[in-house]
Amino acid sequence: MKIPDVFSYSFSAIKLRKLRAALTTLGVVIGIAAIVALLSITQGLQTTITSQLERGLAADTLIVVPGSSALGGAAGGGEVFGGGGRIGGGSSSSAPLYVNYTNQINALSPDIVTSLAVIQKSGYIQNGSGVIRQVTTIVGVNFSQYASAYSTTFVAASGSVPVNPSGNEIVVGARVSDPRLNGTMFVHADDNVSIIWTNNTIVPFVNETYTAHVSAVLDRIGGFGLGGPSDTGVYVPLSQAEKFFGSDQADEIIVKLKSSDAAVVNSTSKAITDYFGNQVSVISATAVQSLLSTIFSTISLFLGGIAAISLLVAGIGIMNIMIVSLIERTREIGILKALGMKSRTVLYIFLTESVIIGLIGAVIGIVSGWVLANVVSLFLGRGGIIGSALTITPILTPEVLLGALAFGVGISVIFALYPAWRASKLKPVEALRYE
Amino acid sequence: MALIVEAVELKKIYMLGKIPVEALRGVNLKVESGDFLAILGPSGSGKSTMLNLIGALDKPTEGKMLIEGVDISTLNDNQLADLRRRIGFVFQFFNLIPRFTARDNIELSMSIADMSRAERRKRAEELLETVGLNDRMNHKPAELSGGEQQRVAIARALANNPRFLLMDEPTGNIDSKTASEIMRLIKRLNEEKGVTIIMVTHDQHLAREAKRIVQMFDGVITSDMVN
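Conventions and cut-offs
Residues numbered from 1 in each chain as written. Chains lettered and ligands numbered in written order. Predicted model: local features only at pLDDT ≥ 70, side-chain atom pairs only at ≥ 80, totals over all residues. Helix = DSSP H or I, 4+ residues; strand = E, 2+ residues; numbered from the N terminus. Buried ≥ 20, exposed ≤ 12 C-beta atoms within 10 Å, placed from the backbone. Contact = placed C-beta atoms within 7 Å. Rg over C-alpha atoms; globule rule 2.2 N^0.38 Å. Pairing = 2+ DSSP bridges. Axes fitted to C-alpha atoms, helices over the stretch in contact; angles between N-to-C directions. Nonpolar A, V, L, I, M, F, W, Y, C, P; charged D, E, K, R; others polar. pLDDT = per-residue confidence, 0-100. Parallel < 35°, antiparallel > 145°, perpendicular 65-115°, else oblique. Left-handed = near helix turned anticlockwise from the far one by under 90°. Arc of directions from axis to C-beta. Expected span 1.5 Å × (residues − 1).

### Quick look at the overall build of chain B
- Regarding its fold elements, chain B presents seven helices and ten strands.
- Counting only C-alpha atoms and orienting by the principal axes, one finds that chain B spans roughly 50 × 40 × 40 Å.
- Buried residues in chain B amount to 48% of all 227 residues.
- Once local pairs closer than 6 in sequence are excluded, the contacts in chain B between residues at least 24 apart make up 69%.

Right, dumping it as structure tokens:
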């Protein structure tokens, strides 16, 4: 029998039992849709986070933090997602990093353009009407250096970032000014506010406070602020932060390199860690990205695996329905064999039926999975779980697309093998006698 | 006259549970091209077993069944399938595929034999004309009477130019008036087109229409005579 004839024969058998075929196909549709939706959302999330990361941590930038295990293992990895621009985390027992270490770091390598220290603490801000809000971070930085390191994000939307700020001048993120991003303003540029920090270095704890002047409100940045400025940050001059917090310990030192070349990144990273006797960690964009991609491939594998189970169930459904079909069609198979059909053609006919079901199921599944992914991410983007800080655009890679197609058809064929084999092995005499 | 079917000391033993049943106990038979042969016998005489062996649907336990000189015991599954394409089966219960129209049922046997779509469409229409059903070609079996279904089955059996037609109680499921029409068609095919026919039946009246009657009883041929 020629291949188009096998197809049209199989198709006529499927058409005969439309509801049954539709339900069997639905199993494949659900499995494939789950795989496509989960993987494309995960892929979209990864891309979003990676682009956030690239904005906060350029490839030619290193971040030095105290502690020796910022990216070591799961604990360090988890803290990458901790908000506020602090990447990684040092253990409390590690040697502190001081603000003036920037001079030593600058001298370490000719590849270093400049370095700047960052002090950050969580605290509160009180506006002119006396309303107090918690802000994620009070960040002490050198404004002009910080602005040149983050030239795309440390940009004023209103007011202007002072080059030589006086002690009480501050810059705030977009969501400090407009917390819900709906026009209900908390502070404007040129307002006076109180900065409050709970000093926990002495007992009893004391609320330290000073009056500051908002010189600028930053443009909306969005995202988590993985390294670099964030929408919820309050930026104070570095010297003011040292005075206010009573400490010259830096939480991180940002190092700008001459190039993003891997060799430069690696040799400089090594030079810095060696200099500090392995008591600091150096985070580079590439290291974080490789960590992220490891995390995301694990997540993809896990979610894909769960979705694959539903496809497995669909496969069992196919097998079940094929066995029923083969029993119902025993006599038909006998007729076909009496007419001179070869056993392997009978096998092909049954396998083709499963290919058709698998193919239709996979195609509908991919389309509905894609629709589902978009609906879900729309919901997530609208102040759902993640909040409006992050928008996810689902991404359907060709790998996922072709993989889902192959997987859908593959599972269908694998589970049809046994029934098809049984059909092909029917003896014509017995099959013809079957009532 | 060419020898088409030859049975030599043919034996077939079935296992009915654990009890062996001797369905054929040494049958010798020769059928030549152009013959119209009726194998007549009551149920249990071994005529159905004979039909299965002549149709290459089953293999003998002992002895030889030669179709056009080839011993079917020596053939594998694929070769048997190829051989069956050269045999035109007509069954008591018609055995048409219910979801196919009359024409598609006839085309099916040709598509199994790898004939091209255009060729088999043309031939199916010719065959429907031969059996007098050209106005019913787009009807499904359920929309056809028993006699009409059997005509479709005969047309299907003729589709691949078989060496012989092998019929199993061809009128067993049809009213007597239609049955005689079917028999007229079968006789006409034999006389006018020279189609070799082997018909298995328990009906003496039907057997009398054949040129030659082979009587079977208890697994052996008891008489073989020209009508």
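There's plenty left to go through after this.
### A short note on the overall build of chain A
- The helix and strand tally for chain A stands at 13 helices and twelve strands.
- Over its C-alpha atoms chain A spans a radius of gyration of 31 Å, topping by over 25% the 22 Å that the globule rule assigns to 435 residues.
- Its C-alpha atoms put chain A at 100 × 50 × 40 Å along the principal axes.
- Each of the 435 residues in chain A was classed as buried or not, and the buried ones make up 46%.
- Across chain A, contacts joining residues at least 24 apart in sequence account for 81% of those joining residues at least 6 apart.

### With respect to the sheet that holds strand E3 (residues 36–40) of chain B
Residues and elements named next belong to chain B.
- One open sheet accounts for six strands, arranged E6-E7-E8-E3-E9-E10; its pairing is mixed. The open sheet has two edge strands, strand E6 (87–90) and strand E10 (220–226), and neither has a second partner. Pairwise comparison of adjacent strand axes, ignoring direction, gives a mean angle of 15° for this sheet.
- By the bridge criterion, six bridges tie strand E9 (residues 212–217) to E10 in an arrangement that is antiparallel. Paired with Val-214 across the strands is Asp-224, a residue of E10.
- The strands touched by helix H1 (residues 47–54) are E3, strand E7 (164–168), strand E8 (196–201) and E9; relative to E8, the strand with the most contacts, the crossing angle is about 150°.

### Focus: the interface of chain B and chain A
- Across the boundary between the two partners, chain B contributes 20 residues, which contact 16 residues of chain A.
- Those elements that place two or more of their residues in the side of chain B that touches chain A are helix H2 (77–84) and helix H3 (102–112) of chain B.
- For the side of chain B that touches chain A, the residue count by class is seven nonpolar, six polar and seven charged.

### Points about the sheet that holds strand E5 (residues 70–71) of chain B
- In space, the four strands of this open sheet follow the order E2-E1-E4-E5 (chain B), with antiparallel pairing throughout. Two strands close off the open sheet at either side, each with one partner strand: strand E2 (19–32) and E5 of chain B.

### Description of the confidence of the model for chain B
- When the pLDDT values of chain B are averaged, the result is 92; 100% of them are 70 or greater.
- Overall fold confidence (pTM) sits at 0.76, and the ipTM for the predicted complex is 0.94.

### Things to note about the packing of H3 of chain B against helix H5 (residues 146–158) of chain B
Residues and elements named next belong to chain B.
- Running from N to C, H3 and H5 cross one another at 25°; their axes reach a closest spacing of 8 Å. For the element pair H3 / H5, the angle class is roughly parallel. The crossing of H3 and H5 is right-handed. Facing H3, whose interface residues are Ala-102, Asn-105, Ile-106 and Ser-109, H5 presents Val-152, Ala-155 and Arg-156.

### Re the pairing of E6 of chain B
All names here are of chain B.
- By the alternation rule, side chains of E6 split into Ile-87 and Phe-89 and Gly-88 and Val-90, which are all buried.
- One ladder, built from four bridges, connects E6 with E7; its direction is parallel. Across the sheet, residue Ile-87 finds its bridge partner in E7, namely Phe-164.

### Here's the deal with the environment of Gly-88 of chain B
All names here are of chain B.
- Tracing the sequence through the fold places Gly-88 in strand E6.
- For Gly-88, a count of 28 C-beta atoms within 10 Å gives the class buried.
- Along the backbone, Gly-88 and Ile-198 are 110 residues apart, and their C-alpha atoms lie at a distance of 10.0 Å.
- Filtering out sequence-adjacent residues up to four positions away, Gly-88 remains in contact with Ala-157, Leu-158, Pro-162, Phe-164, Leu-165 and Leu-166.

### Examining the pairing of strand E11 (residues 252–257) of chain A
Residue and element names in this part refer to chain A.
- Of all the six residues making up E11, five are buried; the element is thus mostly covered by neighbouring parts of the structure.
- Bridge count between strand E1 (residues 61–66) and E11: four bridges; the pairing is antiparallel. The residue of E11 that forms the bridge with Val-64 is Ile-253.
- With six bridges joining them, strand E3 (residues 112–126) and E11 adopt antiparallel strand pairing.

### A short note on the packing of H3 of chain B against helix H4 (residues 117–130) of chain B
All names here are of chain B.
- The contact between H3 and H4 brings their axes to 9 Å, and the two run at 125°. With respect to their mutual orientation, H3 and H4 come out oblique. H4 is crossed by H3, and the crossing has right-handed handedness. Contact residues: Ala-102, Arg-103, Ile-106, Glu-107, Met-110 and Ser-111 in H3; Arg-120, Arg-121, Arg-123, Ala-124, Leu-127 and Leu-128 in H4.

### Some thoughts on the environment of Lys-337 of chain A
- Looking at the element boundaries, Lys-337 of chain A is found in helix H10 (residues 330–338).
- Between the C-alpha atom of Lys-337 of chain A and that of Val-429 of chain A, which follows or precedes it by 92 residues, the distance is 9.3 Å.
- When near neighbours in sequence (up to four residues on either side) are disregarded, Lys-337 of chain A contacts Pro-428 and Ala-431 of chain A together with Ala-81 of chain B.

### Some points on the environment of Gly-56 of chain A
Residue and element names in this part refer to chain A.
- For Gly-56, the position within the fold is in helix H2 (residues 18–56).
- The class of Gly-56 is buried, set by 24 C-beta atoms lying within 10 Å.
- Counting along the chain gives 173 residues from Gly-56 to Pro-229, while the straight-line C-alpha distance between them is 7.2 Å.

### Points about helix H4 (residues 101–108) of chain A
All names here are of chain A.
- Taken residue by residue, H4 has Tyr-101, Thr-102 and Ile-105 as its buried positions. Buried residues along H4 cover an arc of 100° about the axis, so they all sit on one side. In H4, those exposed residues whose orientation departs by more than 90 degrees from the buried face are Asn-103 and Ala-107.
- Residues of H4 that are buried sit in contact with strand E2 (97–98), E3, strand E10 (249–250), E11 and helix H8 (262–275).

### Regarding the confidence of the model for chain A
Residue and element names in this part refer to chain A.
- Considering every residue of chain A, the mean pLDDT works out to 85; 90% of them sit at 70 or more.
- When mean pLDDT is compared element by element in chain A, H10 scores highest at 95, while helix H3 (residues 73–80) scores lowest at 35.
- Considering only residues more than four positions removed or in separate chains, one finds that residues 72–92, a stretch of pLDDT under 50, has 50 contacts.
- Within the model, the stretch residues 384–388 combines pLDDT values under 50 with six contacts to residues more than four positions away or in other chains.

### Some details on unusual backbone geometry
Residue and element names in this part refer to chain A.
- Along the chain, Val-203 connects to Pro-204 via a cis peptide bond; the corresponding omega equals -10°.
- For Pro-204, the position within the fold is in the loop between strand E7 (192–199) and strand E8 (206–218).
- The backbone of Asn-278 sits at a positive phi, close to 60°, despite the residue not being glycine.
- For Asn-278, the location among the structural elements is in the loop between H8 and strand E12 (280–284).

### Observations concerning H4 of chain B
Residues and elements named next belong to chain B.
- When the terminal C-alpha atoms of H4 are compared, their 20 Å separation across 14 residues agrees well with the 20 Å that a helix rising 1.5 Å per residue should span.
- Against the buried residues of H4 lie H3 and H5.
- Just downstream of H4 lies Gly-132, where phi reads positive at about 75°.

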